[in-house]
Amino acid sequence: MRSLKSTIARVAAVALALPLFVGAGTPAATASSAAYGCAVTYDATDWGTGFVVALTVSNTGTITFSPWILQFVFAGDQQVISSWSGVWSQTPPSVQATNPTWYASIAPGASHGMGFTATYTGVNANPTGVTLNGVPCVVTFLYDAARRDRRDGISPVPCLSAAE
């Protein structure tokens, strides 16, 4: 039979160690990770061998992004050929846009408009892995590149020729 003293010591040891194991599987959110947030609107117009994209990058968090870098990955052979409102570079399949000198920060609640023109062959798939300073962004695609139609509720208006 165990002594009362050794039983109390074991119960105390378990009671002290239990909180370490119960919380071990759930990482605690840090103040900095909860404070960063971003959203990107990706609006593309495609003409079969190329496309133009208007991007809106929004800070949905509570901390300013300064300086900032937007990054994403293309699934196909898309090649950026011109751009605006950012310092753009591409190392296929990755694309990066860093802040222009005249817009070095994106404050909480603020947005920055930018864009690019690109070429492709095959399928113009939407980019993946969109991040702002490494923070994953919520992305709204106003254009479904694989289907080549808009998804923002705007229906195409049929055009009539002068002969009709």
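Coordinates for the structure precede this section.
In this text, all values refer to a predicted model and were calculated from it rather than measured experimentally.

1. What about the nonpolar core?
Soluble globular proteins: nonpolar side chains tend toward being buried together. Core analysis: the largest hydrophobic core is formed by 27 residues, its most contacted members being Y42, L55, L70, F116 and L132. Among the elements of the structure, β1 (38-46), β2 (50-59), β3 (69-73), β6 (94-98), β7 (111-119) and β8 (128-132) are those that each provide at least two residues to this core. The residues touching L70, leaving out its near neighbours within four places in the chain, are V40, L55, V57, V95, Q96, A97, M114, V130, T131 and L132.

2. Some points on the packing of aromatic side chains
The description of an aromatic ring pair rests on the distance of the ring centres and on the angle between the ring planes. Applying the stated rule across the entire model yields 11 aromatic pairs. Geometrically, the ring pair formed by F72 and F74 is edge-to-face, given 5.3 Å between the ring centres and 80° between the ring planes. The exposure class of F72 is buried, given its relative accessible area of 3%. Classification of F74 by relative accessible area gives buried; the value is 3%. Judged by centre distance (6.5 Å) and plane angle (65°), the rings of F72 and W88 are edge-to-face. Of this pair, F72 sits in strand β3 while W88 sits in strand β5 (residues 87-91), placing them 16 residues apart in sequence. Assigned by exposure class, F72 and W88 land together as buried. Members of the aromatic cluster, joined through ring pairs, are F51, F72, F74, W88, F116 and Y120.

3. Quick look at the state of the cysteines
By the definition in use, this model includes 1 disulfide. In this model, C38 is linked to C137 through a disulfide, with the two sulfur atoms separated by 2.0 Å. Around the S-S axis, the bridge from C38 to C137 shows a dihedral of about -100° and counts as left-handed. Taken together, the residues C38 in strand β1 and C137 in the loop between β9 (135-136) and β10 (138-141) connect sequence positions 99 residues apart. The same class applies to C38 as to C137, namely buried.

4. Describing the pairing of β6
Pairing analysis gives 5 bridges linking β3 to β6, with the strands arranged antiparallel. Bridging across to β6, V73 finds its partner in S94. Two strands pair when backbone bridges link them, and β5 and β6 are joined in this way by 5 bridges, in the antiparallel orientation. Within the sheet, the bridge partner assigned to W88 lies in β6 and is A97.

5. A look at the side chain of S58
Here S58 shows up in strand β2. Of note is the side chain of S58, whose polar atom sits 2.7 Å from the side chain of S111.

6. Things to note about the sheet that holds β9
Read across the open sheet, the 5 strands follow the order β5-β6-β3-β8-β9; overall the sheet is antiparallel. Taken across any chain shown, the strands that pair with only one partner, and hence form the sheet edges, are β5 and β9.

7. Here's the deal with unusual backbone geometry
With an omega of -15°, the peptide bond between S66 and P67 qualifies as cis. Following P92, the chain continues to P93 via a peptide bond in cis, the omega torsion being 5°. As for its placement among the helices and strands, P93 is situated in the loop between β5 and β6. Positive phi, close to 60°, is recorded for S85, a residue that is not glycine. Mapped onto the elements, S85 comes out in the loop between β4 (79-84) and β5. Positive phi values are uncommon outside glycine, yet N133 reaches one of about 50°. Of note, N133 is situated in the loop between β8 and β9.

So, how was this worked out
Residues numbered from 1 in each chain as written. Predicted model: local features only at pLDDT ≥ 70, side-chain atom pairs only at ≥ 80, totals over all residues. Heavy atoms only, no water. Core = buried A, V, L, I, M, F, W, Y, C linked by side-chain atoms within 4.5 Å. Buried < 20%, exposed > 50% of the residue type's maximum accessible area, 1.4 Å probe, protein only. Helix = DSSP H or I, 4+ residues; strand = E, 2+ residues; numbered from the N terminus. Contact = heavy atoms within 4.5 Å. Phe/Tyr/Trp six-rings, centres within 6.5 Å; stacked < 30°, edge-to-face > 60°. Disulfide = S-S within 2.5 Å. Pairing = 2+ DSSP bridges. Polar contact = N/O pair within 3.5 Å; in protein donor to acceptor, adjacent residues only side chain to side chain.

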